[in-house]
Structures are given as structure tokens and as C-alpha cells.
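Close look at the chain arrangement
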Amino acid sequence: MSIRLSERLEAIVRAVTPGNVVLDVGCDHAHVPIRLLQDGIAPRALAFDIIDGPVAIARENLELAGLSDRCEVRKSDGLSAYKTGEAQTLIIAGMGGIVMTRILEAEPEKVQSFRELILGPQSEQQLVRSFLRRHGIGIVSEQLIRDGCKYYPVIRAVPGAKTNGPDWDRYVEELGKMPDAELAKAGVCRDQLLRVLSDVSFRVSAEDLYGPCLIAADDPELYRYVVKELRGRIRVLHQLMENRDTSAGAVARLDAVRGETGMLQVLVFLHTFLAKPA
């Protein structure tokens, strides 16, 4: 009987290419490697964790599942105990983007040696996507998993591959053809929005923050997440404006929230008017 996982971990399991040997960094109790082995997705696995407790529990769980001979557990700080070529799929999940990025940046050559990376950052996702972009590791698919009121991305990335990102130039073209009456109804200034959508820095920031594949696919969960975030930013924006604090820190914070609000509003506009192919 296969071990039961949360929907987030199920998505990670589904993202793994069958037949690949898997390395799970930050394996906790080794539930993901066990599931991959039980379902015949992975022939073998490695399970790493930096803390003694999870390492011991992972070994116990593998022994109880009768899988100790197919999964080696090692105490390791990130990829430090990994030898290049031992696995084809790298899984890192269950930690924030700051820690995950630190692990990736510490061993860039080892990271590049994998055929695929399955990453599930629980926060600061933009740091992880930025690392992948800067190191030529293409994001080929991404799923956004909702767990209660929280959202978790599951990213599949491939070294040397092209990122499946949005067609920004098509958005610009479609915006240019929209009737004035429709734009007026949406409360949008055509020239201003054209400048924003044509800005390379905006495109990069939007993809890092919200996921190039999710934007390109007009993912419904991304839209729900964006609307939720937009409502929160608007509340904060109103509070900051009511405070009337003119200190440098307050002004900088107000400008930052305005920028975040503007980006979210653009993403809502894309979903509503431009995301569907003509």
C-alpha cells in the first residue's frame, strides 16, 4: 500500500520523470522517496537531511517499508554529501526560498548535472526562480497548490532548457488592438500599460515573482492567488496613505507597495482581457 501524501507532495511526486534515480534534499521522514519507490516511479533514491532526528526517522521508515536496500539516507548540508552522477532528479521541498537558494548556490556545478529539478519553495519563491533564470535552468512546468489559505508552487526545471514563459509581445499587440471603449471600461490607460508590458525589467520581475509558466498558462489558481494578494496590498496601501508619515522609510514603503499593487493589477488585467489566445 502506497504511503499517503499531502496534495503538495503528491504534485512533487507527479512531476518526477519515471525511471530517474532521485535525490531528495531535506527529506524529513523520507515520505516522498518511499512513495516514489513504492509506485515504481524511481528505481532507487537518496535521502538527505541536515538534522540527526529526521535522518534516523527516515531510516526507520524505509526499513518498515522494506525499502532500505533501494534508498540510502545520508546526513548532509544541502548537496555536500552528493557525488555528481548518483541521481538524475533533484527534489528540494518543505523549506523557504532563502534556504533553498542557499543550497542551490553552494553547489552550482552539481545542480547543473541533474536532468531535472523539482522544487517546492514555501516562501520567497522569487529567489528560487531568479536563481534558475540566472543559471540557464529553464522552468518547463509549474503547478500552484492551494492548501487552505496558502499557496505553494511546485516547479519543474531543466538545465539548459528554455523557460515556458508568457508571450509578452503578443500581450502588447493585443493591447494595441483593444477598442478605446473597452479600455475605458477597464479603467486602463493604453499608453501607460503598453510601456509597462514592454519593459523588460517588469517582465523579469513578474516572472520571478509569479512564475513564467503560471502566467503563460493563465493558471486559474494563480489568478485566485493574485486577487487575494491584490486585496491585501490595497488594504496596506490605504493604511499607509492614511498614516501620512513623511519619513524616508515610510515613503519608501509606500512606493514599494504601490509598485506591488500595480504589478498585481496588470496581472489581473492580463487574465481578464489578454491571456486567452486570439
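Report follows, based on the coordinates. (Residues numbered from 1 in each chain as written. Predicted model: local features only at pLDDT ≥ 70, side-chain atom pairs only at ≥ 80, totals over all residues. Heavy atoms only, no water.)

1. Describing the pattern of salt bridges
Applying the stated rule across the entire model yields 21 salt bridges. One salt bridge in this structure joins Arg 35 and Asp 39, with 2.7 Å as the shortest N-O distance. Residue classification places Asp 39 among the partly exposed positions, given a relative accessible area of 34%. One salt bridge in this structure joins Glu 142 and Arg 129, with 2.6 Å as the shortest N-O distance. With a gap of 13 residues between them, Glu 142 in strand S6 (residues 137-147) and Arg 129 in helix H6 (residues 125-134) connect regions that are remote in the sequence. Arg 129 shares its class with Glu 142; the two are buried. Among the charged side chains, a network of salt bridges with common partners joins Lys 228, Glu 229, Arg 233 and Glu 260. (Salt bridge = Lys/Arg side-chain N within 4 Å of Asp/Glu carboxyl O. Buried < 20%, exposed > 50% of the residue type's maximum accessible area, 1.4 Å probe, protein only. Helix = DSSP H or I, 4+ residues; strand = E, 2+ residues; numbered from the N terminus.)

2. Examining empty space enclosed by the protein
Taken as a whole and judged by the stated rule, the model has one cavity of 30 Å³ or more. Roughly 120 Å³ of volume is contained in the largest cavity. Forming the walls of the largest cavity are 13 residues, and the residues nearest its centre are Ile 215, Asp 218, Leu 222, Leu 267 and His 271. Counting residues per element, the ones that place at least two in the lining of the largest cavity are helix H11 (212-216), helix H12 (220-243) and helix H13 (248-274). The element contributing the most residues to the lining of the largest cavity is H13, with four residues. Residues of the lining of the largest cavity, tallied by class, amount to ten nonpolar, one polar and two charged. (1 Å grid on protein atoms, 1.4 Å probe; cavity = no way out; pocket = protein on both sides within 12 Å on 5 of 7 lines; lining within 4 Å. Points joined across faces, edges and corners; volume = space filled by probe spheres on them. Nonpolar A, V, L, I, M, F, W, Y, C, P; charged D, E, K, R; others polar.)

3. Some points on the environment of Phe 269
Along the chain, the position of Phe 269 falls in helix H13. You can call Phe 269 buried: its relative accessible area is 6%. Phe 269 sits 76 residues away from Leu 193 along the chain, and the two C-alpha atoms are 9.9 Å apart. Leaving out residues up to four positions away in the same chain, Phe 269 has contacts with Leu 175, Met 178, Leu 183, Ala 186, Val 188, Leu 193 and Leu 274. (Contact = heavy atoms within 4.5 Å.)

4. Re a nonpolar patch on the surface
Together, Ile 98, Val 99 and Leu 127 make up an exposed nonpolar region whose accessible area comes to about 240 Å². With respect to the element layout, Leu 127 can be found in helix H6. (Patch = residues over 30% accessible without salt bridge, like charges linked within 9 Å, V, L, I, M, F, W, Y side chains within 5 Å. Areas by Shrake-Rupley, 256 points an atom, 1.4 Å probe, with all protein chains shown as cover.)

5. Comments concerning the sheet that holds strand S1 (residues 22-25)
With respect to topology, seven strands assemble into an open sheet ordered S3-S2-S1-S4-S5-S7-S6, the strand pairing being mixed. Either end of the sheet is taken by a strand with one partner, and the two such strands are strand S3 (71-75) and S6. Neighbour-to-neighbour, the strand axes of the sheet open up by a mean angle of 15°, direction not taken into account. In this sheet, strand S4 (residues 89-95) lies alongside S1 in parallel orientation, the contact comprising four bridges. Counted as the bridge partner of Val 22 is Thr 89 from S4. Along the sheet face, helix H3 (residues 52-64) touches strand S2 (45-49) and S3 and points at about 165° away from the line of S3. (Pairing = 2+ DSSP bridges. Axes fitted to C-alpha atoms, helices over the stretch in contact; angles between N-to-C directions.)

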